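Remarks on the overall topology
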Amino acid sequence: MIDYVRLGMDIEIPEEEFDWSRFRTGILKDGAVVWYHRFRGVWVRYYPMRQRITVTGKILMLLEDSEVLNVDDVYGLDIPQFVCDINDYLGALFKTIRLDILYFHAYRIDYCFNVYTPHVAEYVHFMNDAFRQVDNGARINYTLHKHLDGSVYIKTKSDYNHNERRNYVLNFYDKADRLKYLSDRKYKIPTRDFEFAQDILRLEVQCGFLFIKRLYKKYRIQPLFGNLLDYEIAYYAEKSIYKLIFRSDDTQDYYTYSEAKKRLPRSEAAAHTLRTASQGHKIIGSKYNYGRELIKKAGVFPFCFLPRDGKLTMLENPLKLIQRKLEDIGVDMSLL
């Protein structure tokens, strides 16, 4: 569920509180002092002039040496234990002070799910094709710009131009392929990670501070990290970012054109829209609204189709894979 985070809290921590065997001192570009602790790529920084502490990185790495596992893989429903373990780790960096990660503010949070499927490559290929058919110029497929195989990596144009996580990013990718990429670049990857990553499709949405504000507003919650440690919110983020990018929800599956036709209602508008999409034309214009909605109601993704000469005639919507993952760990999906 939780991967990368950028968290912060304003708090005065006296210099004598720090365990200086675990902190170092650095100087920022503006000359300000920063005291920092780094472990497995996670940074804990304290800015004495600002009286501010931050935690940045894949937060689970403070507890587990894994490039694959997420909080849900390790803790399941026992989020309170995860919080306790993180607080224990942070507490060990100081003499008497006790920090509570629940009360940090979140400026970025990545919700990720590792889902098993023997069709990872087919998902990645399909969704890259689908994005080409729904793109209106407001987003950038980073996969195409950077020639990144094995991924669907889509940013808002604003985030791409500023190289920041202000809004949101969708990054669905082949986890085994990603580990090979890291290994080829001399990263040390635990053997169990390679084993776990086989046939794993990583479904990741990266929420910047503007999107996080939407979450706070929708759920009417205080702007604290602890309020975002929730499977309902994690799934909502996945679903809503998918919808923003692919103009569809979690009920539309992927089909070949011939299979999609079998599911259509008796409607010339639906048939014409589907046929137009099958010919490689975009159907995002308003004149296709009625036919497109009829196709969606039939449970069919209307913009793109699986190759007719491929081995598959249907792929489940990837959000359904998340639903099953949540059910497997005991989340009551009727509440989502």
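For the structure, see preceding data.
These notes cover the structure that comes with them. (Residues numbered from 1 in each chain as written. Predicted model: local features only at pLDDT ≥ 70, side-chain atom pairs only at ≥ 80, totals over all residues. Heavy atoms only, no water.)

1. A word on the packing of helix α12 (residues 268-278) against helix α13 (residues 289-297)
Across the interface, α12 lies against α13 with an axial gap of 8 Å and an inter-helix angle of 90°. Taken together, the axes of α12 and α13 are roughly perpendicular relative to one another. On α13, the residues that touch Ala-269, Ala-270, Thr-273 and Leu-274 of α12 are Tyr-290, Gly-291, Arg-292, Leu-294 and Ile-295. For the contact of α12 with α13, the class distribution of residues is six nonpolar, two polar and one charged. (Axes fitted to C-alpha atoms, helices over the stretch in contact; angles between N-to-C directions. Helix = DSSP H or I, 4+ residues; strand = E, 2+ residues; numbered from the N terminus. Parallel < 35°, antiparallel > 145°, perpendicular 65-115°, else oblique. Contact = heavy atoms within 4.5 Å. Nonpolar A, V, L, I, M, F, W, Y, C, P; charged D, E, K, R; others polar.)

2. Focus on unusual backbone geometry
Generally, phi is negative for residues other than glycine and the peptide bonds are trans, each holding for most cases. In this structure, Gln-51 takes a positive phi of about 55° despite not being glycine. As for its placement among the helices and strands, Gln-51 is situated in the loop between β4 (42-47) and β5 (52-58). Judged by its relative accessible area of 34%, Gln-51 falls in the partly exposed class. Backbone geometry places Arg-220, a non-glycine residue, at a positive phi of 50°. With respect to the element layout, Arg-220 can be found in the loop between α8 (209-219) and α9 (225-228). (Buried < 20%, exposed > 50% of the residue type's maximum accessible area, 1.4 Å probe, protein only.)

3. Observations regarding the sheet that holds strand β6 (residues 105-116)
Strand order in the open sheet formed by ten strands is β2-β3-β4-β5-β1-β6-β10-β9-β8-β7, and the pairing between neighbours is antiparallel. Two strands close off the open sheet at either side, each with one partner strand: β2 (24-27) and β7 (139-141). Strand-to-strand twist in this sheet, taken as the mean axis angle between neighbours without regard to direction, amounts to 20°. Bridge count between β7 and strand β8 (residues 151-156): three bridges; the pairing is antiparallel. Bridge assignment links Ile-140 to a residue of β8, and that residue is Lys-155. Against the sheet, α8 makes contact with β6, β9 (168-174) and β10 (200-207), and its axis sits at roughly 85° relative to β6, the strand it touches most. (Pairing = 2+ DSSP bridges.)

4. Description of the nonpolar core
In a soluble, globular protein the nonpolar side chains are often hidden away together inside. By size, the foremost hydrophobic cluster in this structure holds 97 residues, and its most contacted members are Ile-101, Tyr-111 and Phe-246. For this core, the leading source of residues is helix α10 (residues 231-246), giving nine residues. Not counting the four nearest positions on each side in its chain, Ile-101 is found in contact with Leu-7, Val-55, Ile-59, Val-83, Ile-86, Asn-87, Leu-90 and Phe-225. The next biggest cluster of nonpolar side chains, apart from the first, holds six residues, and it includes Ala-176, Leu-179, Leu-182 and Ile-189. (Core = buried A, V, L, I, M, F, W, Y, C linked by side-chain atoms within 4.5 Å.)

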